[in-house]
Amino acid sequence: MKKTNTRLIQKRINAVSAVLLLLAFLLAEAAAAGYITEKSKRTFDTAERFAAYVEASAAQVQNNAPVLQKNYVLEKHATAGPKPNSACFGSTDDPAVVQAVVEQAEYLLDGQTLSWNPDIKRKPGSKIYYYYDDTILAIVWKEVHNMSVVTYAEVKLADSSQMFRRLSNNTLGDFVWQTPTDMAKESNAVVAISADFYMFRAIGVSVYQSAIYRNDPAYLDHCFFDYAGNMHLVKRGEIQRDEVEQYIKDNDISFSVAFGPVLVRDGEKQNVVQYSLGEIDEEYSRASIGQVDDLHYILMTLTAEPYYYNAGFIRDSIECMYEKNCKNAYALDGGRTASLVFNGKLMNDVNYDDGERTMSDIISFVSAIPEEDR
Amino acid sequence: MLWILFAALGAACIACLLQCVRYTEDKLKIKALPVIATVILLLMTVAMGLTAAGKQVVGIGGGDPGAAADRFFSALEAGDFDAAGAYLEYYSDFGLSEAPEDSNTALVYQALIDSYSHNITEKARVRGIYAVQTVELTHLDIDSLYEAMGPAMEKPLQRIVDEKRKADVFDENEQYLPGIVEQAYAEALEAVTANTADCLVTETLELNLVWTLGGWKISVDDALLNALSGFAAY
């Protein structure tokens with residue numbers, strides 16, 4: 001009986017052991033299976049989060065993209081611009097109208113201050129003329145100076161390619177001369193000024209599209225324009241004939257005018273006592289060009305008009321250009337040549353009975369916006 | 001899972017314990033082999049129980065956790081995500097093994113993957129089956145990259161604006177037409193992702209590792225995922 005009980009107990013112990021072993025085996029299987037399943041399938045949602053973050057960042061950058069102004073640049077050595085937009089021309093008696101245009105031109109002015117301002121004392125009865133598109137702002141007005149009439153044009157360009165020397169018949173050294181008005185129209189100038197009339201005399205350094213046409217620097221002051229639109233003033237004696245070519249290369253010169261003298265240099269009025277051209281101590285019609293800032297110019301003629309019987313001395317030109325904040329200013333050919341053209345019309349009186357003369361070159365300021373972009 | 005293993009070991013331990021004595025006739029015989037197995041299983045059960053309870057059992061871990069961390073990052077730098085995944089606890093990868101479908105996002109992704117580099121300067125701190133390894137990880141910072149994108153977009157955008165007719169760039173409200181900004185963005189992104197030196201960041205990570213039957217594995221946490229995703233994930 002005892003033997004039977006012992007066997008029965010042993011059998012039960014074995015059965016319990018077997019069950020426990022089976023349970024241990026199953027649990028181990030379960031753990032292993034769980035681990036394998038987790039290991040083979042589990043991953044993170046990093047990819048989705050990463051993509052969402054990158055796409056959100058991209059959207060933010062794109063939404064914040066600044067609305068840029070189109071930069072219009074004319075071809076190098078262009079001798080005409082696109083036709084100016086007739087809707088952009090205007091004239092008024094009211095300086096507030098022009099001031100509103102100036103405020104529109106804030107981007108073009110790029111922080112620069114105009115010499116023109118609404119409080120300028122204009123010649124009585126004279127209008128203000130203006131043109132503005134995204135590439136050029138031009139304001140033309142008249143003042144009285146020592147009983148002379150000064151016709152100013154203030155010009156701000158977007159790009160230096162919009163200023164160039166335009167020759168008569170559009171040909172270097174040509175004896176077919178044209179009026180400044182005709183040359184201005186053919187080059188589609190918004191505004192233009194008569195230049196040095198280089199075909200009238202055989203002295204000075206004449207550079208056109210970087211090529212030297214004439215090289216005789218001894219007697220005249222010179223004004224060189226580089227491809228960035230900056231004026232470089234060189235007084236007589238400061239450059240020798242054999243240095244001109246290197247000077248043009250070193251300073252990236254586009255063209256030059258040879259008349260003079262230098263009126264203002266580096267912000268200083270020049271003391272001109274003697275000069276071989278322009279009868280500086282006699283009353284003559286005067287023409288000048290000056291630079292106020294980057295791509296910012298003053299054009300000026302000083303002439304007699306009805307009730308304002310004086311023309312001007314060179315010292316008047318110096319005073320006028322200095323007053324208009326020119327850092328550099330230079331006298332162009334005066335007398336009957338002195339012509340300031342705006343919108344194809346001569347803006348100053350020519351003090352000679354025969355009126356506007358034909359001559360050989362002007363400096364043109366044009367818009368750069370093609371007609372299809374208006 | 002540790003608790004399941006603990007239960008399995010416990011069951012096996014009891015089963016062995018029951019086999020330690022045998023009643024034959026009127027004698028009680030103690031069997032050596034089940035006793036030894038019971039002792040071993042008992043120790044393992046205690047260790048597993050302590051482990052499951054989060055206690056540290058000194059001396060169970062083996063091998064070098066630093067080497068595992070080093071191999072993980074080396075595999076990442078080589079672009080071998082399968083090999084890297086083998087060093088992760090529970091997970092087969094950290095979620096960035098496939099390039100995004102969008103071509104622009106894929107550029108950023110590739111720049112991120114290419115940016116990984118690591119440096120292990122000190123030995124891991126091992127406590128039982130756990131270890132902490134300090135790793136200096138250099139990776140792309142997505143925010144820095146997009147900070148650089150703003151200025152980088154201006155040049156291609158200006159070129160596109162200058163090259164095209166105005167009517168092909170702006171609508172009547174002087175806003176960009178669809179596709180203009182996207183084109184500039186794509187060009188800028190190519191340039192910026194080609195040179196990300198200024199957009200990299202090096203951070204020190206405390207990498208948690210755990211010893212398993214398969215060796216030391218990395219316990220992935222948010223800090224690691226965030227670093228590996230260039231701060232773009234968490």
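How each quantity is defined
Residues numbered from 1 in each chain as written. Chains lettered and ligands numbered in written order. Predicted model: local features only at pLDDT ≥ 70, side-chain atom pairs only at ≥ 80, totals over all residues. Heavy atoms only, no water. Contact = heavy atoms within 4.5 Å. Buried area = accessible area lost by both parts, 1.4 Å probe. Salt bridge = Lys/Arg side-chain N within 4 Å of Asp/Glu carboxyl O. Polar contact = N/O pair within 3.5 Å; in protein donor to acceptor, adjacent residues only side chain to side chain. Helix = DSSP H or I, 4+ residues; strand = E, 2+ residues; numbered from the N terminus. Nonpolar A, V, L, I, M, F, W, Y, C, P; charged D, E, K, R; others polar. Phe/Tyr/Trp six-rings, centres within 6.5 Å; stacked < 30°, edge-to-face > 60°. Buried < 20%, exposed > 50% of the residue type's maximum accessible area, 1.4 Å probe, protein only. Lys NZ or Arg CZ within 6 Å of the ring centre and 35° of its normal. Patch = residues over 30% accessible without salt bridge, like charges linked within 9 Å, V, L, I, M, F, W, Y side chains within 5 Å. Areas by Shrake-Rupley, 256 points an atom, 1.4 Å probe, with all protein chains shown as cover. Pairing = 2+ DSSP bridges. pLDDT = per-residue confidence, 0-100. Core = buried A, V, L, I, M, F, W, Y, C linked by side-chain atoms within 4.5 Å.

## What to know about the interface of chain B and chain A
And step 1. With 63 residues of chain B in contact, the opposing surface of chain A contributes 47 residues.
And step 2. Of the roughly 4800 Å² buried between chain B and chain A, counting both surfaces, carbon and sulfur atoms make up 64%.
And step 3. At the junction of chain B and chain A, the tally comes to one salt bridge.
And step 4. Put simply, B:K166 and A:D134 hold a salt bridge, and the shortest N to O gap is 3.8 Å.
And step 5. Where chain B packs against chain A, one counts nine residue pairs in polar contact (both at pLDDT 80 or more).
And step 6. Top element by residues in the side of chain B that touches chain A is helix α6 (residues 142–163) of chain B. It accounts for eleven residues.
And step 7. Tallied by class, the residues present in the side of chain B that touches chain A amount to 39 nonpolar, eleven polar and 13 charged.

## Some thoughts on the packing of aromatic side chains
All names here are of chain A.
And step 1. Overall, the coordinates contain 16 aromatic pairs over all chains when judged by the stated rule.
And step 2. Measuring from ring centre to ring centre gives 5.4 Å for F89 and F342, while their planes differ by 85°; the resulting arrangement is edge-to-face. Of this pair, F89 sits in strand β1 (residues 89–92) while F342 sits in strand β17 (residues 340–342), and the two are 253 residues apart along the sequence.
And step 3. Assessed through its relative accessible area of 3%, F342 is described here as buried.
And step 4. Put simply, the rings of F89, Y129, Y131 and F342 touch in pairs and so form one group of aromatic residues.
And step 5. Lying over the aromatic face of Y198, R165 brings its terminal NZ or CZ to 4.7 Å of the ring centre.
And step 6. The ring centre of F313 lies 4.3 Å from the NZ or CZ of R315, which sits over that ring.

## Some points on a nonpolar patch on the surface
And step 1. On the surface, A:L22, A:F25 and A:L26 cluster together into a nonpolar patch covering about 320 Å² of accessible area.
And step 2. Looking at where A:L22 falls in the secondary structure, it is placed in helix α1 (residues 2–41).

## Structural notes on the side chain of A:N188
All names here are of chain A.
And step 1. Examined against the element boundaries, N188 turns out to sit in the loop between α5 (180–186) and β6 (189–194).
And step 2. Residue classification places N188 among the buried positions, given a relative accessible area of 18%.
And step 3. Not counting chain neighbours up to four residues away, the residues in contact with N188 comprise G81, P82, K83, P84 and V366.

## Structural notes on the sheet that holds β1(A)
And step 1. Taken in spatial order, the nine strands make up an open sheet running β1-β2-β3-β4-β15-β14-β16-β12-β13 (chain A), and their pairing is antiparallel. A strand with exactly one partner marks an edge of an open sheet, and here the two such strands are β1 and β13 (268–269) of chain A.

## A look at the confidence of the model for chain B
Residues and elements named next belong to chain B.
And step 1. Here chain B shows a mean pLDDT of 87. Residues at 70 or above account for 89%.
And step 2. Across chain B, element-level confidence peaks in helix α7 (residues 180–194) with a mean pLDDT of 97 and bottoms out in strand β1 (residues 21–24) with 69.
And step 3. Interface confidence in the predicted complex, given as ipTM, is 0.77; pTM for the same model is 0.71.

## Some points on the pattern of salt bridges
All names here are of chain A.
And step 1. According to the stated counting rule, one finds 18 salt bridges over all chains in the structure shown.
And step 2. Two residues, K70 and D373, come together in a salt bridge whose shortest N-O distance is 2.9 Å. Remark: D373 occurs in the segment after β19 (361–366) and K70 occurs in the loop between α2 (46–63) and β1; sequence separation between them is 303 residues. Neither K70 nor D373 differs from the other in exposure class; each is buried.

## Description of helix α7 (residues 314–323) of chain A
And step 1. All buried positions along α7(A) are accounted for by A:I314, A:D316, A:S317, A:I318, A:C320 and A:M321.
And step 2. After α7(A) finishes, the residue A:N325 shows a positive phi value of roughly 70°.

## What to know about the environment of A:T179
All names here are of chain A.
And step 1. With respect to the secondary-structure elements, T179 resides in the loop between β5 (163–167) and α5.
And step 2. Distance in space between the C-alpha atoms of T179 and N348 is 14 Å, their sequence separation being 169 residues.
And step 3. Among residues more than four places away in sequence, those in contact with T179 are E356, R357 and T358.

## As for the nonpolar core
And step 1. Core analysis: the biggest nonpolar cluster contains 71 residues, and A:I139, A:I363 and A:F365 have the highest contact counts within it.
And step 2. It is strand β3 (residues 136–145) of chain A that provides the largest number of residues to this core, a total of six residues.
And step 3. If sequence neighbours within four positions are ignored, A:F365 has contacts with A:I136, A:V155, A:L157, A:Q162, A:M163, A:A189, A:V190, A:V191, A:I289, A:Y297 and A:L299.
And step 4. B:F73, B:F81, B:Y176 and B:W216 belong to the second-largest nonpolar core, a separate cluster that totals 60 residues.

## So, the environment of B:L33
And step 1. With respect to the helices and strands, B:L33 occurs in helix α2 (residues 32–52).
And step 2. The spacing of B:L33 and B:F231 is 198 residues in sequence and 57 Å in space, taken between C-alpha atoms.

## Re the pairing of strand β6 (residues 200–212) of chain B
Residue and element names in this part refer to chain B.
And step 1. As paired elements, strand β5 (residues 130–140) and β6 share eleven bridges and run antiparallel to each other. Paired with Q133 across the two strands is L207, which belongs to β6.
And step 2. What sits between the antiparallel neighbours β6 and strand β7 (residues 215–219) is a turn of two residues.

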